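A closer look at the structure
Single-letter residue listing:
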Amino acid sequence: MDPSLSNRNRTQLWWIHVSKGAEWSELVKPGFNNAGERDLMIEAGLLSLSKEIPEAVDRKRFKAPKPAASKPKGPSPRSKPRPRYRLALTPKGREYLWGHLPEPGSELTHNIGPILNFVLEALGKVKAGQMGLAEALGLGPPDHGAVVPGERQEPDKTHGPGELLGHIKGLGPTQFMAGGGLRLCVLRKSLPGWTNDSIDQVLLGLERDGAIVLYHFDDPSRITAEDKEAALHVAGHSRHYLYLK
């Protein structure tokens, strides 16, 4: 049974979704009135909570603390970054948003802006025939209602982890990088009958089962445009390739 959420709460879920599925608790817009409002969605399984130390690029987004009334002279000691709470949208949370598309969000229109832009971009992909609505919104399951003019519609297939693992093991050595890693952009190209959403879900399941490990490129110069497009985003972090274990 779905939890009883307010329009404000649905906007908070959308904010986290368009923030690549994860956002620091104090940066969610509109903000939480109290911890109980946030915990309601965590207890309902729509969000997960973790405590992490933000990276430098994220620390700049937090409000700087107000200077003390009497500030001592001389250079101030560099403070160590402190852990902060981070919220991630769960599969149940994505399912909730997909099931409540017609329902309004918060009346705070300045918070709707990023969400509106995200939805408009998704609708543009649907209009161009690139993907169905559910896939464009990143909510899944794939939308079977979108029909690309002039293209024959094949019935959707349910793909399992064993099928994907066998496919990866059957790829030729030229498909893999020199160290044995397999770029996700190469994997996606080799699976024309799969949706991106189904590939992502099976990959995450294989990683949880210990069959593969997903990695990101530490060196930005190695990340191509195809790598960016094919990346799998987990709690706000991108994964570009995998290794079999």
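Now for a description of the structure that goes with this document. These numbers were taken from a predicted model, which means no experiment stands behind them.

1. A word on the packing of aromatic side chains
Here the structure, examined in full by the defined rule, presents 5 aromatic pairs. Between the aromatic rings of Tyr215 and Tyr241, the centroid separation amounts to 5.7 Å while the plane-to-plane angle is 25 degrees, which identifies the pairing as stacked. In this pair, Tyr215 is assigned in strand β5 (residues 212–215) and Tyr241 in strand β8 (residues 241–244), connecting sequence segments 26 residues apart. The ring of Tyr85 is capped by Arg38, whose NZ or CZ atom sits 5.4 Å from the centre of that ring. Above the plane of the ring of Phe62 lies Arg84, whose end atom (NZ or CZ) is 3.8 Å from the centre.

2. Focus on the nonpolar core
Judged by nonpolar contacts, the single largest core of 20 residues is most densely connected at Leu13, Met41, Leu46, Leu47 and Leu97. Of all the secondary-structure elements, those providing two or more residues to this core are α1 (7–18), β3 (84–89), α4 (91–99), α5 (109–127) and α6 (133–137). Sequence-distant contacts of Leu13, that is, excluding residues within four places in its chain, are made with Leu5, Met41, Leu46, Leu47, Leu89, Tyr96 and Leu97. Leu171, Trp194, Ile199 and Leu242 belong to the second-largest nonpolar core, a separate cluster that totals 19 residues.

3. What about the pattern of salt bridges?
Tallying each qualifying case throughout the model produces 8 salt bridges. A salt bridge links Glu23 to Arg61; the shortest N-O distance between them is 2.7 Å. On the criterion of sequence distance, the pair formed by Glu23 in strand β1 (residues 22–24) and Arg61 in the loop between α3 (56–59) and β3 is long-range, its members being 38 residues apart.

4. Comments concerning the packing of α1 against α4
Where α1 meets α4, the closest approach of the two axes is 11 Å, and the angle between their N-to-C directions is 120 degrees. By the angle between their directions, the pair α1 and α4 is classed as oblique. Between α1 and α4 lies a crossing of left-handed hand. Along the contact surface, α1 presents Arg10, Leu13, Trp14 and His17, while α4 presents Arg94, Tyr96 and Leu97.

About the criteria used
- Residues numbered from 1 in each chain as written.
- Predicted model: local features only at pLDDT ≥ 70, side-chain atom pairs only at ≥ 80, totals over all residues.
- Heavy atoms only, no water.
- Phe/Tyr/Trp six-rings, centres within 6.5 Å; stacked < 30°, edge-to-face > 60°.
- Helix = DSSP H or I, 4+ residues; strand = E, 2+ residues; numbered from the N terminus.
- Lys NZ or Arg CZ within 6 Å of the ring centre and 35° of its normal.
- Core = buried A, V, L, I, M, F, W, Y, C linked by side-chain atoms within 4.5 Å.
- Buried < 20%, exposed > 50% of the residue type's maximum accessible area, 1.4 Å probe, protein only.
- Contact = heavy atoms within 4.5 Å.
- Salt bridge = Lys/Arg side-chain N within 4 Å of Asp/Glu carboxyl O.
- Axes fitted to C-alpha atoms, helices over the stretch in contact; angles between N-to-C directions.
- Parallel < 35°, antiparallel > 145°, perpendicular 65-115°, else oblique.
- Left-handed = near helix turned anticlockwise from the far one by under 90°.

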